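Inside the fold
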Amino acid sequence: MTHPDLDQLVLLARRDRPALGVLAAVARSLRVPFAAAPIAAIVTPSTAAASLVAKAGLSRLALLGWGAGSTVAVSGVVLAVVFSRPVAPPASPVRAPVLQPVRAPVLPQVAEPAPAPEVAASPAASPARPAKETPATWDEPQLIERARKALAAEPRRALSLTQEHQRRFPAGALGVERDVIALEALARTGQAAEAKRRALAFQAKYPKSIHLPRVNALLARLGSE
Amino acid sequence: MPREEALVGPATARLFQAHAEEVWRFLKYLGVREHDLADACQEVFLVAHRKLPEFRGESAPRTWLYGISLRVAKTWRRRRQLVPLGEDDRAVGPQQEHERERRDTHELLCWALDRISETQREVFVLHEIEELPMAEVAARLECGVFTAYSRLRLARRALKRVLAEKGVKR
């Protein structure tokens, strides 16, 4: 894998944005209202960034995805969820920071066994071994964010996290995001046919989705392989 | 939003709404660890709330927040040095060399920044990533503009060297 050079890294850094829900959680602990930047402020990722990422051989989803587009797409929903439910009880009283609910445990770096393809094909069925790195303390945005982050290097793990999401939040606010991650992950784990089938289903189901360009690009890529 | 009483005033709440993302990113590239970012970010705005009466508008609010963030980041970096590296999600041992492949580019830059001097890092992040004019960078860091330029040059050189050692093309 080739890495971008320093200038390219800087360009990407300038577009770096917090994961879903992070600032909402800070706002919650400061007890101030917060809404992610309005659509006008974060337009769709620029083509420059897209080509950089393409050059770097990185997942478009991983770098451009939720930082820009999906923050817009889902933040409203997420914030509604975040603000309307009571603050989650602290998982464990470590250091007792005010921000306990945000804190996610550090991920142990262990390889996830590949879920069997038939399991992947039917997300309703939970994997034989549930991902033990996803403790119940992870909330919905955290789970999706972990899955998104795992996409580039550990697509199998990303896939199993989306299954975990499907299991725990079947009616969650980030279902669309989960589906996009899942089909990217399928494509990356060599399950092209299933990825294609689901991408087509996605197109039909969400014809106005902000993620559609990504799904279309994935289909085009799969078609040309 | 009817909620418990806010910990900060409405002016700070507006600052948060307008600049929280920038503060988050600034802290990240200054070397606050990913899992400390939310706490550090909160700290910046609590300090801002306390110091707001002193703010005379001699700089843009964003730049003023960066000044607070610089100090907050410094304490978090100190704290981080006291914590064993095993706790560090960015720590990489030689046996984990393949980790580099896994790390996305944002983390790659943070990793490289961890390996240059603090003063160079501050100039680099303020000017290159946050795109502050050099005069403001120098004012924030209380150094001369020429010193700031010199640190920037050294920072770029050091970063390129660190990245090159990791096999990143120059």
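Calculation rules
Residues numbered from 1 in each chain as written. Chains lettered and ligands numbered in written order. Predicted model: local features only at pLDDT ≥ 70, side-chain atom pairs only at ≥ 80, totals over all residues. Helix = DSSP H or I, 4+ residues; strand = E, 2+ residues; numbered from the N terminus. Buried ≥ 20, exposed ≤ 12 C-beta atoms within 10 Å, placed from the backbone. Axes fitted to C-alpha atoms, helices over the stretch in contact; angles between N-to-C directions. Parallel < 35°, antiparallel > 145°, perpendicular 65-115°, else oblique. Left-handed = near helix turned anticlockwise from the far one by under 90°. Contact = placed C-beta atoms within 7 Å. pLDDT = per-residue confidence, 0-100. Expected span 1.5 Å × (residues − 1). Nonpolar A, V, L, I, M, F, W, Y, C, P; charged D, E, K, R; others polar.

Once that is clear, we can look at the overall build of chain B. If you tally the helices and strands in chain B, you get eight helices and zero strands. Helices (α) and strands (β) of chain B occur, in sequence order from the N terminus, as α-α-α-α-α-α-α-α. Relative to its 170 residues, chain B shows a buried fraction of 39%.

So, about the packing of helix H2 (residues 22–30) of chain A against helix H1 (residues 10–30) of chain B. Between H2 of chain A and H1 of chain B, whose axes approach to 11 Å, the crossing angle comes to 125°. The angle between H2 of chain A and H1 of chain B falls in the class oblique. Crossing of H2 of chain A against H1 of chain B: the hand is right-handed. Seen from H2 of chain A, the contacting residues are Leu 23, Val 26, Ala 27 and Leu 30 of chain A; seen from H1 of chain B, they are Phe 16, Ala 20, Glu 21 and Trp 24 of chain B.

A separate point is the confidence of the model for chain A. Detailed reading of the predicted coordinates is not advisable wherever pLDDT falls low. Residues and elements named next belong to chain A. Looking at chain A, pLDDT values average 65 and 52% of them are 70 or higher. Of all helices and strands in chain A, the one with the weakest mean pLDDT is helix H4 (residues 60–84) (38), whereas helix H1 (residues 6–14) scores best (90). Segment residues 38–132 is flagged for pLDDT under 50; beyond a separation of four residues in sequence, or across chains, it makes 154 contacts in the model.

Within the secondary structure, Gly 223 of chain A is located in helix H10 (residues 212–224). For the pair formed by Gly 223 of chain A and Lys 196 of chain A, sequence separation is 27 residues and the distance between their alpha carbons is 8.4 Å.

Looking now at helix H6 (residues 118–129) of chain B. Residue and element names in this part refer to chain B. Look at H6: 15 Å from first C-alpha to last across 12 residues, which is about the 16 Å you get at 1.5 Å a residue. With 10 of 12 residues buried, H6 is to be regarded as a mostly interior element. Residues Gln 120, Arg 121, Glu 122, Val 123, Phe 124, Val 125, Leu 126, His 127, Glu 128 and Ile 129 constitute the buried set of H6. Directly after H6, the chain includes Glu 131, whose backbone phi takes a positive value near 60°.

What follows covers the packing of H2 of chain A against helix H2 (residues 37–51) of chain B. Contact geometry of H2 of chain A with H2 of chain B gives a least axis separation of 10 Å together with a crossing angle of 50°. Accordingly, the angle class assigned to the pair H2 of chain A and H2 of chain B is oblique. Relative to H2 of chain B, H2 of chain A is oriented so that their crossing is right-handed. Counting all contacts with H2 of chain A, which are made through Val 22, Ala 25, Val 26, Ser 29 and Leu 30 of chain A, the residues of H2 of chain B involved are Ala 38, Cys 41, Gln 42 and Phe 45 of chain B. Taken together, the residues that form the contact of H2 of chain A with H2 of chain B break down as seven nonpolar, two polar and no charged.

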